[in-house]
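One-letter residues, chain by chain:
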Amino acid sequence: MVGALWSHQADQLRVYTEQHVGTPDVALELPTGSGKTIVGLLAGEWRRQALGQRVVYACPTRQLARQVALVGSQQGFAVRELVGEHAKWDAREVFDYTRADAMAVTTYSHVFNNWSKFADAKTLIFDDAHAAEGYVAEAWAVVIDRKDDIYMHLFDALADALDPQLIARLVGKGPDTSNPTEVRLIPLPFIEQKLVDIDAVLAAELTGDASWRFKMIRAHLGSCLFYVSRSGWCIRPMIPPTFDHQPFTAPEQRIYLSATLGDAGELERAFGRSPISRVPVPPAWERTGSGRRFFVFPDLADGSSKEDASSLMKRVVDLDPKRLILTPDATSAKKLASELEADPAEWFLATDEHGVGKFREADRGTLLAASRYDGMDLAGADCRVTVMEGLPGASHLQDRFLESKLRAGDVLAERIRTRIIQGVGRCTRGPQDWAVIVIRGEALLRYFSDRDHTRPMPIELQAEIEFGLLASRSSQDNVVALTNSALRQDKAWRENGEPALTEGRQAAVRNVPEIASELAASAAKEVKAWQSAWLGDWEEAGDRAVEVLEGLTGASTRPYRALWAYLASAWYGRSTSAGNAAGALRSIELLKKAHKAAAGSTWLREVAPLPAEFKMIEPADESAVHNILERLNQGALSSATKFAARASGMEIALAQAPSSAYEQALVELGHFLGAESWKPAGQGRTDAAWVWDELWITVEAKSEQTAELLSMDYVRKANTHLSSLEADRGVPAPEASVSVIVAPSRLVDPDAVPIANPNLYIAASEILVTLGYETHRAWSRLRSSLTGLGEAAAHDTAAKILWEHRLLPTQVRERLTEEPIRGG
């Protein structure tokens with residue numbers, strides 16, 4: 001049976017038994033490596049024996065379920081592993097569970113489906129609850145890949161309702177198509193209008209798992225959100241309707257074992273459940289943690305070019321015969337393994353049912369784990385090196401919409417932070433474990449450099465990250481030597497590394513982001529709103545959505561507030577058909593609020609533009625259209641020959657490196673975009689200033705950049721560009737104004753990240769090349785389309801053409817600001 005417990009495990013169980021035995025929903029916080037499996041098994045075993053209850057212990061994956069069952073058996077618990085096809089389950093093991101003679105260990109998917117075999121459970125225990133969002137929501141999510149015929153057939157079903165230009169951008173080929181990462185939300189009224197046609201397509205063509213998930217949402221299809229991109233469709237409610245799923249709601253208690261309780265209500269959103277009582281980790285754990293990690297950042301080593309960084313990474317990784325590769329996708333993992341020259345014959349895939357187990361048993365090898373930041377325990381000598389590349393951001397289309405289109409990345413920050421914390425802890429599963437964490441690439445380097453991201457992390461992890469950032473800024477030989485010392489845990493490490501980490505731990509302070517409390521208070525209201533929407537009680541759903549948006553008052557939550565105002569507007573609009581006479585008026589009022597909150601962005605104008613009589617004009621866009629029409633009708637650009645020469649010259653210069661020509665091309669591009677555009681005189685000034693009504697953009701070009709890292713000097717300089725413009729013009733910069741650094745490399749000096757202004761962004765040179773190309777094409781269309789039109793018609797036509805090419809100032813701003821240097 002179980003031996004002595006760690007003190008924090010005993011503390012958790014004591015609080016649980018004294019305060020929460022009868023609590024319907026309770027979460028126990030047990031960080032990575034703190035032994036949460038044993039705590040969960042003990043709680044389940046007590047309820048089974050003392051209360052005579054049927055207990056189900058659910059894990060996200062089969063691998064983790066098998067791992068838990070093995071641990072349970074080794075520790076003397078009565079557990080039965082019930083995974084895979086239920087028709088193949090051993091009847092004797094099912095019998096043991098049914099009679100409460102043993103706990104069932106299974107997967108989330110066996111709880112969240114239409115024919116759950118655990119509908120009679122009295123206690124549900126959810127392991128890795130911090131990572132549950134995708135595993136729970138997928139039961140009510142239909143995902144359709146672009147390569148499937150149904151992808152196009154859904155467009156056919158919606159064809160009469162959707163803008164043909166949108167369809168062409170999503171399904172067409174060539175330069176006018178949408179960005180592969182762009183996600184669109186289909187307007188809710190269009191779904192209601194075409195519901196019968198959509199249902200017919202889905203019912204006739206879906207197969208496999210997607211067909212079973214369709215059955216979960218079919219009766220409520222009109223309550224779902226429809227997201228689409230060039231990669232596929234995703235149809236789902238925003239928050240899973242678990243309240244309507246008897247196998248989840250019937251048990252007397254649900255216990256959530258979580259590596260982090262979070263500060264922003266993510267647990268409630270993931271499970272569609274509120275309230276959830278919490279038992280936090282004992283305070284002493286904050287400054288101890290589990291095991292030791294040494295972070296290596298190859299891109300920071302002295303004189304590191306991309307080739308040098310790759311070579312250093314390989315030297316470090318080759319210090320140990322086994323390594324784990326963690327990336328957001330399988331393609332990146334395989335590419336990284338190849339770069340490390342890992343023998344493909346020694347690759348193990350975490351997606352294989354027994355891949356992790358085989359890797360543990362092997363003497364050497366490389367474990368490829370694409371988007372698997374949880375559920376892999378590689379303790380002791382199982383693995384001591386982790387290589388991470390790529391930010392574990394949006395994992396499905398809904399998250400991608402929130403992150404890239406809505407620009408509500410702060411809402412997802414806790415989820416991303418949790419994935420990173422879990423990822424770096426895969427090889428430190430107990431106090432005696434140690435591992436080296438190699439961080440590769442610009443996105444993760446910038447993330448770890450930004451204290452806005454790291455300060456909410458555990459104290460011990462903060463100290464390890466800061467030490468790694470400092471230690472990596474040395475010669476490659478020194479980095480390799482220190483890594484080797486960390487792997488051996490030798491005298492040099494104990495006398496130098498550990499004392500430095502102790503100092504860092506004492507100095508570190510954990511700060512909860514300001515936005516967290518607002519989002520946490522909102523979670524319960526969001527759950528209730530989506531419950532009403534799922535039931536088709538549109539007036540109630542609208543009322544609940546208004547409660548949500550009224551609680552979102554901070555500047556950081558403005559994009560999220562816009563989304564909830566739109567949902568409230570759409571739901572009130574639907575309530576009119578159910579007899580709510582005031583619904584239509586309330587709908588338009590809320591749509592106006594949504595547009596006000598979404599000012600400066602484009603997503604809502606794409607989804608639900610205001611009726612003409614209520615239209616809110618974006619001053620920047622209006623001034624651009626006015627200026628472009630003037631420039632088309634008079635001056636040098638009215639000549640076809642001069643226009644062609646200037647536009648072609650601009651395109652060519654934007655694709656080349658020489659700074660003088662590039663800077664002139666930036667000024668020319670601003671002129672074509674309808675801005676007042678010039679290069680300010682004086683030392684340290686921006687290379688191009690673009691000014692429209694209510695929007696300024698400064699562009700700093702690093703076309704000749706040779707250093708891999710963007711230096712602190714560059715960032716300090718760019719920080720002042722808007723202030724210098726303010727001094728020139730004698731007025732404050734408009735709120736939406738931004739500064740952009742355009743560079744071939746997007747690696748940023750870690751010391752520069754914290755000092756960057758929140759409105760300072762970095763953009764790849766290719767974005768400016770694309771802007772130049774599209775601007776040339778748009779002007780060619782303008783020149784051929786406006787002949788003979790009156791003033792009003794010319795204005796509307798010009799605005800439409802610029803909108804279609806994504807060249808209105810608000811669209812240009814959106815395209816240039818995907819990557820904030822700080823906070824992104």
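Calculation notes
- Residues numbered from 1 in each chain as written.
- Predicted model: local features only at pLDDT ≥ 70, side-chain atom pairs only at ≥ 80, totals over all residues.
- Heavy atoms only, no water.
- Helix = DSSP H or I, 4+ residues; strand = E, 2+ residues; numbered from the N terminus.
- Rg over C-alpha atoms; globule rule 2.2 N^0.38 Å.
- Buried < 20%, exposed > 50% of the residue type's maximum accessible area, 1.4 Å probe, protein only.
- Contact = heavy atoms within 4.5 Å.
- Axes fitted to C-alpha atoms, helices over the stretch in contact; angles between N-to-C directions.
- Parallel < 35°, antiparallel > 145°, perpendicular 65-115°, else oblique.
- Nonpolar A, V, L, I, M, F, W, Y, C, P; charged D, E, K, R; others polar.
- Pairing = 2+ DSSP bridges.
- Phe/Tyr/Trp six-rings, centres within 6.5 Å; stacked < 30°, edge-to-face > 60°.
- Arc of directions from axis to C-beta.
- Salt bridge = Lys/Arg side-chain N within 4 Å of Asp/Glu carboxyl O.
- Polar contact = N/O pair within 3.5 Å; in protein donor to acceptor, adjacent residues only side chain to side chain.

K.L.:
Where do I start with the overall build of the protein in this structure?
P.N.:
Along its length, the protein carries 35 helices and 24 strands. The C-alpha radius of gyration computed for the protein amounts to 28 Å, which stays within 12% of the reference 28 Å derived for 824 residues, consistent with globular compactness. In terms of principal-axis extent, the alpha carbons of the protein reach across some 90 × 75 × 50 Å. Evaluated residue by residue, the protein yields a buried proportion of 57% over its 824 residues. Here the analysis covers contacts within the protein between residues at least 6 apart in sequence; of these, 74% occur between residues at least 24 apart.

K.L.:
Would you mind going over the packing of helix H17 (residues 409-424) against helix H18 (residues 442-449) with me for this structure?
P.N.:
A pair of packed helices is captured by two measures, namely the crossing angle of their axes and the spacing between those axes. Running from N to C, H17 and H18 cross one another at 100°; their axes reach a closest spacing of 13 Å. With respect to each other, H17 and H18 are oriented roughly perpendicular. Only Leu444, Tyr447 and Phe448 of H18 make contact with H17, whose side of the interface consists of Ile416, Arg417, Ile420 and Val424. When grouped by side-chain class, the residues that make up the contact of H17 with H18 number six nonpolar, no polar and one charged.

K.L.:
Mind showing me how you'd approach the sheet that holds strand S4 (residues 103-107) here?
P.N.:
Pairing between the strands of a sheet is mediated by backbone hydrogen bonds and can be parallel or antiparallel. Here we have seven strands laid out as an open sheet, ordered S3-S4-S2-S5-S10-S1-S11, and parallel in their pairing. This sheet does not close on itself; its edge strands, each paired only once, are strand S3 (79-81) and strand S11 (277-279). Here the strands of the sheet are splayed against their neighbours by 20° on average, with no regard to which way each runs. One ladder, built from four bridges, connects strand S2 (residues 55-59) with S4; its direction is parallel. Bridge assignment links Tyr57 to a residue of S4, and that residue is Val105. Sheet contacts for helix H4 (residues 91-98): S2, S3 and S4; angle to S3, the most-contacted strand, approximately 135°.

K.L.:
Mind showing me how you'd approach the packing of aromatic side chains here?
P.N.:
The geometry of an aromatic ring pair comes down to the distance between the two centres and the angle between the two planes. One pass over the full model with this rule turns up 35 aromatic pairs. Judged by centre distance (5.1 Å) and plane angle (85°), the rings of Trp115 and Trp212 are edge-to-face. Taken together, the positions of Trp115 in the loop between S4 and strand S5 (123-126) and Trp212 in helix H10 (residues 208-217) put the pair 97 residues apart, joining distant regions of the chain. Of the residues examined, Trp212 reaches a relative accessible area of 47% and is grouped as partly exposed. Centroid distance Phe643 to Trp779: 6.0 Å. Interplanar angle 20°. Geometry classified as stacked. One end of the pair, Phe643, is in helix H29 (residues 640-654); the other, Trp779, is in helix H33 (residues 765-785), with 136 residues separating them in the sequence.

K.L.:
Is there a simple way to explain helix H32 (residues 721-729) in this structure?
P.N.:
Side chains that are three or four residues apart share a direction in an α-helix, a result of its 3.6 residues per turn. Among the residues making up H32, those that are buried are His721, Leu722, Ser724 and Leu725. For H32, the angular spread of the buried residues around the axis is 155°, confining them to a single face. One or two residues past the end of H32 sits Gly730, with phi positive at roughly 70°.

K.L.:
Please clarify how unusual backbone geometry should be interpreted in this entry.
P.N.:
Most peptide bonds take the trans form, and the phi angle of most residues other than glycine is negative. The amide bond that connects Ser274 to the next residue, Pro275, takes the cis arrangement and shows omega of 5°. The backbone of Ala100 shows a phi angle near 60°, a positive value even though the residue is not glycine. You can see Ala100 is positioned in the loop between H4 and S4. Among the residues examined, Ala100 registers a relative accessible area of 11% and is labelled buried.

K.L.:
Would you mind going over the pairing of strand S20 (residues 695-701) with me for this structure?
P.N.:
Two faces belong to every sheet, and in a regular strand the side chains alternate between them. Summarising burial for S20: seven of the seven residues are buried, a large majority. Of the two faces of S20, both are covered, the one formed by Leu695, Ile697, Val699 and Ala701 as well as the one formed by Trp696, Thr698 and Glu700. Pairing analysis gives five bridges linking strand S19 (residues 688-692) to S20, with the strands arranged antiparallel. Across the sheet, the residue bridging to Ala689 is Thr698, located in S20. Linkage of S19 to S20, two consecutive antiparallel strands, is achieved through a turn of two residues, within which Glu694 is found at a positive phi near 65°.

K.L.:
Before we go on, may I ask you to explain the side chain of Arg415 in this structure?
P.N.:
Structurally, the position occupied by Arg415 is in helix H17. Residue Arg415 is classed as buried on the basis of its relative accessible area, which comes to 14%.

K.L.:
What is the right way to read the pattern of salt bridges from this model?
P.N.:
Where charged atoms from two side chains of opposite charge come close, those side chains can pair. Evaluated as defined, the whole model comprises 66 salt bridges. For Lys491, the salt bridge goes to Glu495, with nearest N and O atoms at 3.8 Å. On the criterion of helical spacing, the pair formed by Lys491 and Glu495 is a turn pair, its members being four residues apart in helix H22 (residues 491-507). Using a relative accessible area of 53% as the deciding quantity, one classes Lys491 as exposed. For Glu804, the salt bridge goes to Lys800, with nearest N and O atoms at 2.4 Å. Of this pair, Glu804 and Lys800 are both found in helix H34 (residues 791-804), four residues apart, which corresponds to roughly one turn of the helix. Beyond isolated ion pairs, a larger network of salt bridges with shared partners links Glu133, Arg236, Glu266, Arg269, Asp399, Arg415, Arg419 and Glu526.

K.L.:
Looking at this model, I keep getting lost on the environment of His110. Mind explaining?
P.N.:
By the element assignment, His110 lies in the loop between S4 and S5. The exposure class assigned to His110 is buried, which follows from its relative accessible area of 12%. Sequence spacing of His110 and Glu804 is 694 residues, and the spatial spacing of their C-alpha atoms is 46 Å. Look past the residues within four positions of His110 in its chain and what remains in contact with it is Leu82, Val83, Gly84, His86, Trp89, Ser116, Lys117 and Phe118. Looking at His110, its side chain comes within polar contact range of the main-chain oxygen of Gly84, at 2.8 Å.

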